[in-house]
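Remarks on the overall topology
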Amino acid sequence: MERLKRWGVFVLILALLGSGAALLFRDTGSECLSILRTGRGTASFLLAATDAEGKIYVLDRDQDGYTLVLGDQAGNRTDSWRLTAEGLPRESVPAALYPAAGGAVYLGLYNTEAETCLQLYRLTQQGTEAELLLSEPCPGQNLQAQMAALTLSSFSQVDSVVTFALLTEDTATFYRRTGADGGLEKAGTFTQAGLRDALALSDGTAVLACAGGLVRTDGAMISLSDAEIIIGLNQTGTGVCYVDAAGLKVFYADFTDWQPYPILELEKEEYDLDACTSLWITQEGCALLLMDGGKLLLDRGSTVSDLTGMLYPSGLRCALTLAGLCLAVLVLTLAVWYVVYEQRRFRLSMLVRWGVLLAAVAALGTGVLLRGAVRSSGHLAAEREAASLMGALATQSLQHDDLTSSLLPQRLGDSLAGAAGDLYRDSAVSVYTRSEDGVWTLVGSNTALPERARGELSASFDRAKAEQALSDGTVFWTRSQGGETRYVLYRAQGGTVLAVDVDGAPLEAAGETASRWMAQGLTALAVLLTALALAILCWITIGVRRALVGMERLAAGERQVRVQVGGGDELASLADDVNALSAALQNVEAQQQELAQSYRRFVPERVLSLLGKTSILEVDKQTFVSRNLAAMMLSFHFPPQVYEKSGRELFDNLNEIIERTASIVTRKGGAVFNFAYDGYDAVFEGGSAAAVSTAVAVQQEVMELNRERELDGRPPVVVHIALDEGNVMLGVVGDENQIEPTSISSSFSVAKHLVELCGRLEANILCTEAVIRSAEAYGSRYMGKCLEGGEAIRTYEIFDGDAYEIRKVKEDTGERFSQGVYALYSRDFSQAKRIFLSLVHHNTGDGGARYYLYLADRLEKRPEDEISLDSGQ
């Protein structure tokens, strides 16, 4: 036993320290485990590029800023730069990455901290120094439209001169950096209709990529033979390479003959461009692809190399990291266990031992709740809000603009940007269409991607979700891009899909801010409860110490010992327990007799009879019968002011209605089950006649009760009753310590549905066709059909329990009411409306007629809906 205690203490300490370490090092542990399981970490990369020597640069961003990972074309990591240079914006979107010769890296960013502007930095000293070369404001309201309005062209370098262009609509303004002293100088401005990209050439001229082809600034032009859409120009040898966004091919055009021809296909089995995050054409004409922000591929044409290994630490390093964390936790656990166990021999104070444990558990539990429940609730709230607003604005926009309208993406993007402050500022709106052979192309967008480009090149495109949208109409989901959450909504019309892609980071931040009070309250509550528990523990410890001192004095032979202990501590409780022991034994027999009587109250003799037993001692969990019985469900409710009363008054009201009605059920041979605060269930043997009679008698008793309550100045109670007949299973449920009888039947499911309809139809008693045959002596009428479990249930109202005035009118108008019901189910909605309108005019108290008038009007407007008593929901 002692060894078991030792291990129990050790495991408890290990669990606490291990859980604390998991919370503190959650990100590191998740990264290492992901690398060991899948070969990929949790980091999400944004851009990839190569320099003239073939070295690979990949840009990553986390909550602390940007990181550049360097590697070679064999997939080996060679270096990692943490971009800590002063002046780099924290809130930004990467626009361009160009590694220049000499170790400098040009990084283009859209600075979104205040007014959006396009900035170009030259990074040196492994990212610790940054020179701001360019800062231009971006016009527009929506961030995507702002980024599309002002872009950076492809970069080129000749010797130490780096040249690029700033693209605005159809104008390309070239800049170059000529020396190490810093600064840019303007190299010229060119205008070309349909401008998409630009590139400075080694001979001092420039080539402009437009809708019509490649145009050199010296006047030469190459027309495109296959209607290519040019993106991503890059100088390669004595010519240029470019990507055809329409055909997903890489073309090469030589300076000598300027005849482009394809050199690389980007549609291959080895990868799917639908998952492409970044595409870069190397100077050798190869394609460097960053897939899903976490997989790096190099397509050389004949082979595709996986370079993902350079993005993350090696598996050995991750294994050593996890092993080190586990070893540290184990060593710390051993140290704490040794101290606790050894000090336990020296009677370590209960306050110290259990106080530390209690504080540790409270801190751990609070941390888990804050990292889990509170944070998740904020994210879920943000997701629900985004889905609602995006869906509403998309619907509103589609009411004014067709999906083929070129203005739709810009207008919808601006509408989102103007909604809820700046929370939806980064909203990409695109329209895709699918051809007959399953190819998705871009119809319009507020991003920089041109029309007719393949959907795979759009960051917002997901082929599987687009196909799902075509079948479901609307799809909403959450995806991760660059380590940040984005909310995406697809809405389809025909073969065209509208895609709305919103940055979720501001929404999640707003959600976390809104739930911050919850975190603060939870922390304060944990501190308060811990302090209170420690205070109680301190009080208990004082009493125990006094008792221990008294026991030591007794053990030493001293007999005149008196321990002053306040009430409620362990020693006082022990003394009280000993003194009460004899009295407890004397009361055992009396208690057993009282217990037998109590059993009869919980399991009445009528229930025992139905179960086929004569004594409660014969009842166990094996007791079970199945019989054809009439099932009754009674539900009641009071006005709200009754439920606001104190506990005693509320229970007096509840018990009054239960006693007055349940006694009638018992007198008429029924057995009551499942007492609740708002009703109970009952079953009857020998058919439905007894159940119908009981229901009418109960409603008459309720009318008498309400008259008494009115005289006493108390509010009335409303009682609804539903009846059905069928097979009912009676048995006993519970555990080893407690059992109680229960009834299970589909009839109770039907009765529950009818009780809900009672309130809608303002009917006191509803029953099924199986019961109405036993109610010929009572006034009734056919109310229509309801649906339960996919089955149509013919429903009838028994109004004999209603007030005389209402009962008289229902008898007089019964035939007219039936005509209206049959007209409605015959889909003659106008005739049904006229009938029920006249009935309501004749008797405004007929809730069934009022409901059918509403239902006829609803179905006349929506004739395709199924006709049932549930159609009005």
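Here's what I pulled together on the structure shown here. (Residues numbered from 1 in each chain as written. Predicted model: local features only at pLDDT ≥ 70, side-chain atom pairs only at ≥ 80, totals over all residues. Heavy atoms only, no water.)

**A look at the pattern of salt bridges**
- Applying the stated rule across the entire model yields 33 salt bridges.
- Taking the shortest distance from any N to any O, the salt bridge between glutamate 797 and arginine 781 comes out at 2.8 Å. One end of the pair, glutamate 797, is in strand β38 (residues 791-798); the other, arginine 781, is in strand β37 (residues 780-788), and 16 residues separate them in sequence. For the residue pair glutamate 797 and arginine 781, the accessibility class agrees, reading buried in each case.
- Here lysine 833 ties to aspartate 857 by a salt bridge, and the two come within 3.2 Å at their closest N and O atoms. Of this pair, lysine 833 sits in helix α20 (residues 829-842) while aspartate 857 sits in helix α21 (residues 847-861), placing them 24 residues apart in sequence.
- Using a relative accessible area of 27% as the deciding quantity, one classes aspartate 857 as partly exposed.
- One salt-bridge network, held together by shared partners, links Glu267, Asp272, Arg454, Glu456 and Arg463. (Salt bridge = Lys/Arg side-chain N within 4 Å of Asp/Glu carboxyl O. Helix = DSSP H or I, 4+ residues; strand = E, 2+ residues; numbered from the N terminus. Buried < 20%, exposed > 50% of the residue type's maximum accessible area, 1.4 Å probe, protein only.)

**Quick look at the packing of aromatic side chains**
- If you walk through the whole model with that rule in mind, you get 24 aromatic pairs.
- Here the aromatic rings of phenylalanine 45 and tyrosine 312 are separated by 5.7 Å at their centres, their planes lie at 70°, and the arrangement is edge-to-face. With phenylalanine 45 in strand β1 (residues 45-50) and tyrosine 312 in the loop between β25 (304-306) and α4 (315-345), this residue pair connects regions lying 267 residues apart in the sequence. In this pair, the class of phenylalanine 45 matches that of tyrosine 312, namely buried.
- Between the aromatic rings of tyrosine 98 and tyrosine 106, the centroid separation amounts to 6.4 Å while the plane-to-plane angle is 50°, which identifies the pairing as tilted. (Phe/Tyr/Trp six-rings, centres within 6.5 Å; stacked < 30°, edge-to-face > 60°.)

**Describing the side chain of threonine 112**
- Within the fold, threonine 112 resides in the loop between β6 (105-111) and β7 (117-124).
- A relative accessible area of 17% places threonine 112 in the buried class.

**A word on helix α15 (residues 689-711)**
- If you check α15, its first and last C-alpha atoms are 34 Å apart, about what 23 residues at 1.5 Å a residue would give, namely 33 Å.
- Following α15 by one or two positions, glycine 713 has its phi on the positive side, about 75°. (Expected span 1.5 Å × (residues − 1).)

**So, the environment of glutamate 685**
- By the secondary structure assignment, glutamate 685 is in the loop between β33 (679-684) and α15.
- Residue classification places glutamate 685 among the partly exposed residues on the basis of a relative accessible area of 28%.
- Separated by 56 residues in the primary sequence, glutamate 685 and leucine 629 place their C-alpha atoms 5.3 Å from one another.

**What to know about the sheet that holds strand β21 (residues 261-265)**
- Across the sheet, 4 strands lie side by side as β18-β19-β20-β21; this open sheet has antiparallel pairing. Two strands in the sheet have a free side with no partner beyond their single neighbour: β18 (230-236) and β21. The average angle at which neighbouring strand axes cross in this sheet is 25°, direction not considered.
- Inspection of the sheet shows strand β19 (residues 239-244) paired to strand β20 (residues 249-254) by 6 bridges, in the antiparallel sense. Counterpart to valine 243 in the pairing with β20 is valine 250. (Pairing = 2+ DSSP bridges. Axes fitted to C-alpha atoms, helices over the stretch in contact; angles between N-to-C directions.)

**Digging into the sheet that holds strand β15 (residues 206-209)**
- Overall, antiparallel pairing links the 4 strands, which are arranged β14-β15-β16-β17 in an open sheet. Each edge of the sheet is formed by a strand with only one pairing partner; in this case those strands are β14 (197-200) and β17 (221-223). Taking each pair of neighbouring strands and ignoring which way they run, the sheet shows an average axis angle of 15°.
- In this structure, β14 lies alongside β15, joined through 4 bridges in antiparallel fashion. Pairing of alanine 198 across the sheet is with leucine 208, part of β15.

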